[in-house]
Amino acid sequence: MVQTASSPTAADEAQRRDQTWVYFNGRTCQYADAKVGLMTHGLHYGTGCFEGIRAYWNAEQEQMFVLLMAEHYDRMRQSAGVLRMSLDLSTKELCDITLDLIRKNGFRENIYIRPLLYKSSEIIGVRLHDLPDGFAIYMTPMADYVDTNGISCMVSSWRRIDDTMAPVRAKCTGVYINSALAKSEAVENGFDEAIMLSTDGHVCEGSAENLFIVRNDTVLTPPVTDNILEGITRRVVIRLVQEDLKLPVIERTIDKTELYIADEVFLCGTGAQLSPVVSIDHRTVGSGTPGPVSKALQDMYGTIVYGRDARSKEYVTPVY
Ligand SMILES: Cc1ncc(COP(=O)(O)O)c(C=O)c1O
């Protein structure tokens, strides 16, 4: 049983992590017993793919809701195929393992679930073919990943990878060096997040979030052919804008200066949830506070993920 404490120390956190039940290469064990060797291929060459799934604890209902779990495992299977790996378990089996793990850990707070498929060979040699895979699922408590009350962004000097260089629509571990460079540059320069452009100078996305702008009551987002990750939250947002807010959504290439003149800009992702951007490169976005479209979407998203909306069952799976 995972302990919860109001202000745990680093030692408490480490102990809690070590005692967390994980799935590791076909068995359930505690985190501290799930070890990989120093020569593991995925560690050296970034030959792995992963997912990030959130589960939300609804205290009134004493229930945990996992958000869009099957969708994440389906995307992971696609990522695996691109990397010449195979996810041998069906999506249903993966979902069942995940639900069992949450129950075994007894979490009663918001958590983040991380399935990881990686090349497990302990050999030297850069390639994808003829290498065995390892597979793990672990989970950890997680509050907000980025501030949801309005963040500042910089347009990164790092360009988002192009699909001709590495697969942009697969969540490959190795390509996250691109996101890490952009995120650290932004934070170390005093901003909250980075916005990355494509190699041809068009707006792609945040370091780990898809991007939307609002101009004249129209919601715009880069198309999936503009080197973005095909985000699962992005699909939810498009649906909510069209069906609930009744505003048009246009997927089209976005120029950098459109960011500066937009009425609203927001980022979205499983980790980031829905995060309004209130300044970009020291220019105020809209009124400098989260705009009406961003706020309405944040409210709807928050209601759905906590299982409080009539439509929640289309999005979430109860655990207990
Ligand atoms: C690079 C990148 N873009 C976008 C997203 C948002 O994707 P999703 O909504 O599927 O979490 C993520 C999050 O995983 C990401 O890492």
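Keep in mind it's a predicted model, so treat the numbers as computed, not measured. (Residues numbered from 1 in each chain as written. Predicted model: local features only at pLDDT ≥ 70, side-chain atom pairs only at ≥ 80, totals over all residues.)

This brings us to the domain arrangement of the protein. Entries for the protein in the domain assignment read domain 1 (12–141) and domain 2 (151–305). Averaged C-alpha coordinates put domain 1 and domain 2 at centres separated by 26 Å. Of all elements in the fold, only helix 2 (41–45), strand 3 (48–50), strand 4 (53–58), strand 5 (63–67) and helix 3 (69–82) reach the threshold of two or more residues within the side of domain 1 that touches domain 2. With six residues, the single largest contributor to the side of domain 1 that touches domain 2 is helix 3. Here the residues of the side of domain 1 that touches domain 2 sort into 11 nonpolar, eight polar and four charged. (Domains from an automatic or database assignment. Helix = DSSP H or I, 4+ residues; strand = E, 2+ residues; numbered from the N terminus. Nonpolar A, V, L, I, M, F, W, Y, C, P; charged D, E, K, R; others polar.)

Before going further, it helps to spend a moment on the pairing of strand 1 (residues 21–24). Across the two faces of strand 1 the burial is the same, with W21 and Y23 and V22 and F24 all buried. Taking the residues between adjacent antiparallel strands as the criterion, strand 1 and strand 2 (residues 27–30) are bridged by two residues, where N25 takes a positive phi near 45°. (Buried ≥ 20, exposed ≤ 12 C-beta atoms within 10 Å, placed from the backbone. Pairing = 2+ DSSP bridges.)

In this structure, F65, L67, C153, V265 and V277 are the most contacted members of the largest nonpolar core, which totals 78 residues. Two domains each donate at least three residues to this core, and these are domain 1 (12–141) and domain 2 (151–305). If near-sequence neighbours (up to four positions away) are discounted, C153 is found in contact with A186, F191, D192, E193, A194, I195, V277 and I280. (Core = buried A, V, L, I, M, F, W, Y, C linked by C-beta atoms within 7 Å. Contact = placed C-beta atoms within 7 Å.)

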